[in-house]
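Results of the structural survey
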Amino acid sequence: MRILYFHQHFTTPKGSGGTRSYEMAQALLRHGHNVTMVCGSAAGGETGLTEAFDGGCRRGNVGGIDVIEFELDYGNHMGFLQRAGVFFKFALSSIRVALREPADVVLATSTPLTAGIPGIVARLLRRKPFVFEVRDLWPELPKAMGVITNPVILWLMSILELASYRSADRLIGLSPGIVEGIASRGVDPDTIAMVPNGCDLDLFAGGPKAWRPDRVRDDQLLAIFAGTHGAANGLDAVLDAAAVLQRRGRDDIAIALIGQGREKPALCARAEQEGLNNVHFLDPVPKTELTGLMAGADLGLQILRNVPAFYYGTSPNKFFDYIAAGLPVLNNYPGWLAGLITDNNCGFAVQPEDADAFADALIKASEARSDLRVKAANAQALAQREFGRAKLSEKWVGWVSSTKVLSTSEGEPGSMEEKP
């Protein structure tokens, strides 16, 4: 089967972004399918293509995946309007691919929401089966965060969201809240599967060489956050806790924030102004190098702004990387991940906007190292038992490759047909 796969932010493990699409494409290849990945260039991403762009596009084979990459200047440092412009450029370029590229199934994964546009076009104009993977609920999340307030824009986004859901033959949600959000739009629940982000156990196996940032002592508890430094992440909560630790004279705890994003300059400026020498900022590192940093750390930080839509409506890559690496997790908002941490005794779940509770959890982790080792073992056991990517990818591939569509193999209207 030929799978035409649209993911604007696709990256291989050599990049610093999430690798879910790369891993799922590899799973499709293992099942004998052909995969064409359509993506854009992005800061921190690494598609694997190295030749020069020709007319804003380049194409090549990366690990068995046929990759089509559009030359687009994109990064989390951009403002909303800048990013929206890049999203629509990618969608328009993708439409041309969707109309001409051979495909038995068209698959699109968000974010952004505009990723669904080429799938809608292929479904309507070419009668191709369409699978839409939803990583975040739009416009619900940006509306809840106050990022988008214009009622016309929100209405247009809502129309696009509904069109994407209703055009898709099957949908995939990455968290319980996302699945419920899709169903609430009148979509048949039988056409929705939940396949969360998974743990790349092979990547973290084999004892990677541990390392720590400069100026972090071996005897300090090292808590790390590895991800985007954006408005949604609410990393001021980490600096608030760091300030509490510093006031209490706790120099046995260090915090490292690894990544890039629009809020990073302000976070760095605040840390310098307040003299928070227990916080260390690092540039993004490839996931292959991140494994060594996680091996040298003691605790992973799963941080988001206190927005109720996040509680059940997100499936953060970093959480699954932490537990795959055997890191206990400190989570600062309620929801399904906090429940997993509590139920499996694999970290700490603190209430949002409570810097003292955040700092108390870090101190507890530092002072009770034997208990922290138990939590670490529980985290890795949870990763292996429930979230191994190999297991989840089998479910994902089965759901995608058995898509039913209202069309015949020639693309003419017909009866319900099971694709091989």
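The structure we're discussing is the one just above.
Residues numbered from 1 in each chain as written. Predicted model: local features only at pLDDT ≥ 70, side-chain atom pairs only at ≥ 80, totals over all residues. Heavy atoms only, no water.

1. Side note on the overall build of the protein chain
The helix and strand tally for the protein chain stands at 16 helices and 16 strands. Relative to the compact-globule value of 22 Å for 420 residues, the protein chain shows a C-alpha radius of gyration of 22 Å, a close match. For the protein chain, the C-alpha atoms occupy an extent of roughly 70 × 45 × 45 Å along the three principal directions. Going through the 420 residues of the protein chain one by one, you find that 57% of them count as buried. (Helix = DSSP H or I, 4+ residues; strand = E, 2+ residues; numbered from the N terminus. Rg over C-alpha atoms; globule rule 2.2 N^0.38 Å. Buried < 20%, exposed > 50% of the residue type's maximum accessible area, 1.4 Å probe, protein only.)

2. Considering the packing of helix α3 (residues 116–126) against helix α5 (residues 151–167)
One can describe the packing of α3 onto α5 by two numbers: an axis separation of 9 Å at closest approach and a directional angle of 50°. By the angle between their directions, the pair α3 and α5 is classed as oblique. Where α3 crosses over α5, the two elements pack in a sense that is left-handed. Listed contacts from α5 to G116, I117, I120 and R123 of α3 are L160, A163, S164 and S167. Across the contact of α3 with α5, the residue classes tally to four nonpolar, three polar and one charged. (Axes fitted to C-alpha atoms, helices over the stretch in contact; angles between N-to-C directions. Parallel < 35°, antiparallel > 145°, perpendicular 65-115°, else oblique. Left-handed = near helix turned anticlockwise from the far one by under 90°. Contact = heavy atoms within 4.5 Å. Nonpolar A, V, L, I, M, F, W, Y, C, P; charged D, E, K, R; others polar.)

3. Remarks on the pattern of salt bridges
Note that side chains of opposite charge can pair when their charged atoms are close. A complete count under the given rule lists 21 salt bridges for this structure. Where R58 meets E69, a salt bridge forms, and the shortest distance between an N and an O atom there is 3.0 Å. With a gap of 11 residues between them, R58 in strand β3 (residues 57–62) and E69 in strand β4 (residues 65–70) connect regions that are remote in the sequence. Comparing R58 with E69 shows no difference in burial state: the two are buried. Salt-bridge contacts for E161 lead to R185; the nearest nitrogen and oxygen are separated by 3.1 Å. (Salt bridge = Lys/Arg side-chain N within 4 Å of Asp/Glu carboxyl O.)

4. Side note on helix α16 (residues 389–401)
Its 13 residues place the ends of α16 17 Å apart at the C-alpha level, agreeing with the 18 Å of an ideal helix rising 1.5 Å per residue. Looking at α16, one finds that the buried residues are R389, L392, S393, W396, V397, W399, V400 and S401. (Expected span 1.5 Å × (residues − 1).)

5. As for the side chain of T109
By the element assignment, T109 lies in strand β5 (residues 105–109). Among the polar contacts listed, one links the side chain of T109 to the side chain of E133, at a separation of 2.6 Å. If we ignore the near neighbours within four places in the chain, the residues touching T109 are Y5, F6, H7, S21, A115, E133 and R135. (Polar contact = N/O pair within 3.5 Å; in protein donor to acceptor, adjacent residues only side chain to side chain.)

6. As for the sheet that holds strand β2 (residues 34–40)
Read across the open sheet, the eight strands follow the order β3-β4-β2-β1-β5-β6-β7-β8; overall the sheet is mixed. Of all strands in the sheet, those with a lone pairing partner are β3 and β8 (192–194), marking the two edges. Ignoring strand direction, the axes of neighbouring strands in this sheet form an average angle of 20°. Across three bridges, the pairing between strand β7 (residues 170–173) and β8 is parallel. (Pairing = 2+ DSSP bridges.)

7. Focus on the sheet that holds strand β10 (residues 253–258)
Spatially, β11-β10-β9-β12-β13-β14 is the arrangement adopted by the six strands of the open sheet, whose pairing is parallel. In this open sheet, the two strands that pair with only one neighbour each are β11 (279–282) and β14 (347–349). In this sheet, adjacent strand axes meet at a mean angle of 20° when their direction is disregarded. The pairing of β10 with β11 spans four bridges and is classified as parallel. Note that in β11 the partner of I255 across the bridge is V279. Docked against the sheet, helix α8 (residues 236–247) engages β10, β11 and β12 (299–302), running at close to 160° with respect to β10.

8. Here we look at the environment of F132
Following the sequence through the fold, F132 ends up in strand β6 (residues 130–134). The exposure class of F132 is buried, given its relative accessible area of 1%. Once the C-alpha coordinates of F132 and D169 are considered, the two residues, 37 residues apart in sequence, prove to be 8.1 Å apart. Sequence-distant contacts of F132, that is, excluding residues within four places in its chain, are made with A108, S110, L113, G116, S164, Y165, A168, R170, L171 and I172.

9. What about the pairing of β12?
Covered by surrounding structure in β12 are L299 and L301 together with G300 and Q302, the residues of both alternating faces. One ladder, built from two bridges, connects strand β9 (residues 221–226) with β12; its direction is parallel. Paired with A223 across the strands is L299, a residue of β12. Relative to strand β13 (residues 329–331), β12 runs parallel, the two sharing three bridges. Bridged to G300 within β13 is V329.

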